[in-house]
Amino acid sequence: MEEQKKLKISVFDIVIVAAVIVAAAAVFMLLKPKDVKVAAPTTVPTEFTVELVQVPKGAADLIQPGDAIRDSARNYDIGTVVSHEVQPYTVQVADEENLTVKNAVLDRYDNILLTIQANMLTGGTALTAESGYQITVGTKVYLAGPCYAGTGYVIAIDRGDA
């Protein structure tokens, strides 16, 4: 015949279980996260200048203020054109008579200083456009507008109020 063993609970067992529950509650209260409010990221209108180099002569006539600009390599929205300035494209040539190096203008090309405005997210380690495109001085950019494209570098950033 089988004997059934009865479960015997003593006062000591109840005290141990109660102590474990109190300790767990204390740990939970100490380690639980505080009430955290996540704020939506704020944006600041920011202007930056990109120097497009060795653009075919006359391409600057296609650029209009208000044009939407995209990164043609990674397909990010970058911003809108505020203004542009055309400068001559120069190359360095050796002047063997005077043993110097001079800048010579090539008439087939222009450099274009393109000022772009974008709403940049504040905070973080870099200026980031709303599309996720990161802007720093010296960044190489592959820009595309409605009827034009070019390669250049960010040469200046005006953060305005930031």
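Quick note: structure is the one above.
Bear in mind that the values here come from a model prediction, so they are computed numbers and not experimental data. (Residues numbered from 1 in each chain as written. Predicted model: local features only at pLDDT ≥ 70, side-chain atom pairs only at ≥ 80, totals over all residues. Heavy atoms only, no water.)

## Focus: the overall build of the protein chain
Counting secondary structure elements, the protein chain contains one helix and eight strands. Secondary structure elements of the protein chain occur, N-terminal to C-terminal, as α-β-β-β-β-β-β-β-β. Here the C-alpha atoms of the protein chain give a radius of gyration of 32 Å, more than 25% beyond the 15 Å that 2.2 N^0.38 yields for 162 residues. With the C-alpha coordinates aligned to their principal axes, the bounding extent of the protein chain is approximately 115 × 40 × 40 Å. In the protein chain, buried positions account for 25% of the 162 residues. If you take every contact in the protein chain between residues at least 6 apart in sequence, the share linking residues at least 24 apart comes to 64%. For the protein chain, the exposed surface amounts to about 11,800 Å²; the carbon and sulfur share of it is 57%. (Helix = DSSP H or I, 4+ residues; strand = E, 2+ residues; numbered from the N terminus. Rg over C-alpha atoms; globule rule 2.2 N^0.38 Å. Buried < 20%, exposed > 50% of the residue type's maximum accessible area, 1.4 Å probe, protein only. Contact = heavy atoms within 4.5 Å. Areas by Shrake-Rupley, 256 points an atom, 1.4 Å probe, with all protein chains shown as cover.)

## Here we look at the packing of aromatic side chains
Counted under the stated rule, the structure contains two aromatic pairs. Relative to Tyr 133, the ring of Tyr 76 lies with its centre 5.9 Å away and its plane at 55°, an arrangement referred to as tilted. One end of the pair, Tyr 76, is in strand 3 (residues 76-95); the other, Tyr 133, is in the loop between strand 5 (127-129) and strand 6 (134-135), and 57 residues separate them in sequence. Judged by its relative accessible area of 1%, Tyr 133 is buried. Here Tyr 89 and Tyr 109 contribute two aromatic rings whose centre-to-centre distance is 5.7 Å and whose plane-to-plane angle is 75°, an arrangement assigned as edge-to-face. Linking Tyr 89 in strand 3 with Tyr 109 in strand 4 (residues 100-121), this pair joins segments that are 20 residues apart in sequence. (Phe/Tyr/Trp six-rings, centres within 6.5 Å; stacked < 30°, edge-to-face > 60°.)

## Quick notes on the nonpolar core
Ranked by internal contacts, the top residues of the largest apolar core, which has 23 residues, are Phe 48, Val 50, Ile 69, Leu 114, Ile 116 and Leu 143. Of all the secondary structure elements, the ones that give two or more residues to this core are strand 1 (43-56), strand 3, strand 4, strand 5 and strand 7 (140-144). With five residues, the single largest contributor to this core is strand 4. Once you skip the residues sitting within four places of it in the chain, Val 50 turns out to touch Ile 112, Leu 113, Leu 114, Ile 116, Val 141, Leu 143, Gly 152, Tyr 153 and Val 154. (Core = buried A, V, L, I, M, F, W, Y, C linked by side-chain atoms within 4.5 Å.)

## Regarding the side chain of Asp 110
For Asp 110, the position within the fold is in strand 4. The class of Asp 110 is buried, set by a relative accessible area of 7%. Other than its neighbours up to four places away in sequence, Asp 110 contacts Leu 52, Val 53, Gln 54, Val 55, Lys 57, Gly 58, Val 86, Gln 87 and Tyr 89.

## Examining the pattern of salt bridges
Counted by the stated rule, this structure contains four salt bridges. For Asp 77, the salt bridge is made with Arg 70, and the minimal N-O distance between the two is 2.1 Å. Judged by relative accessible area, which is 29%, Arg 70 ranks as partly exposed. One salt bridge connects Lys 102 with Asp 95, and the closest N-O pair in it is separated by 3.1 Å. What makes Lys 102 partly exposed here is its relative accessible area of 42%. (Salt bridge = Lys/Arg side-chain N within 4 Å of Asp/Glu carboxyl O.)

## Remarks on unusual backbone geometry
Positive phi outside glycine occurs at Gln 54, with the angle close to 55°. Counting through the fold element by element, Gln 54 comes out in strand 1.

## Overview of the pairing of strand 7
Residues Val 141 and Leu 143 of strand 7 are buried on one face, while the alternating residues Lys 140, Tyr 142 and Ala 144, pointing to the opposite face, are not. Where strand 2 (residues 68-71) meets strand 7, two bridges bridge the pair, whose relative direction is antiparallel. Residue pairing in the sheet places Asp 71 in a bridge with Leu 143 of strand 7. Hairpin geometry of strand 7 and strand 8 (residues 149-158) is characterised by an intervening segment of four residues between the two adjacent antiparallel strands. (Pairing = 2+ DSSP bridges.)

## Quick word on the pairing of strand 3
Both strand 2 and strand 3 contribute to a ladder of four bridges, which runs antiparallel. By the bridge assignment, Ile 69 is partnered in strand 3 with Gly 79. Pairing geometry for strand 3 and strand 4, over 15 bridges, is antiparallel. By the bridge assignment for strand 4, Val 93 is matched with Lys 102. With antiparallel pairing between neighbouring strands as the criterion, strand 3 and strand 4 make up a hairpin whose turn holds four residues, including Leu 99 at a positive phi of roughly 55°.

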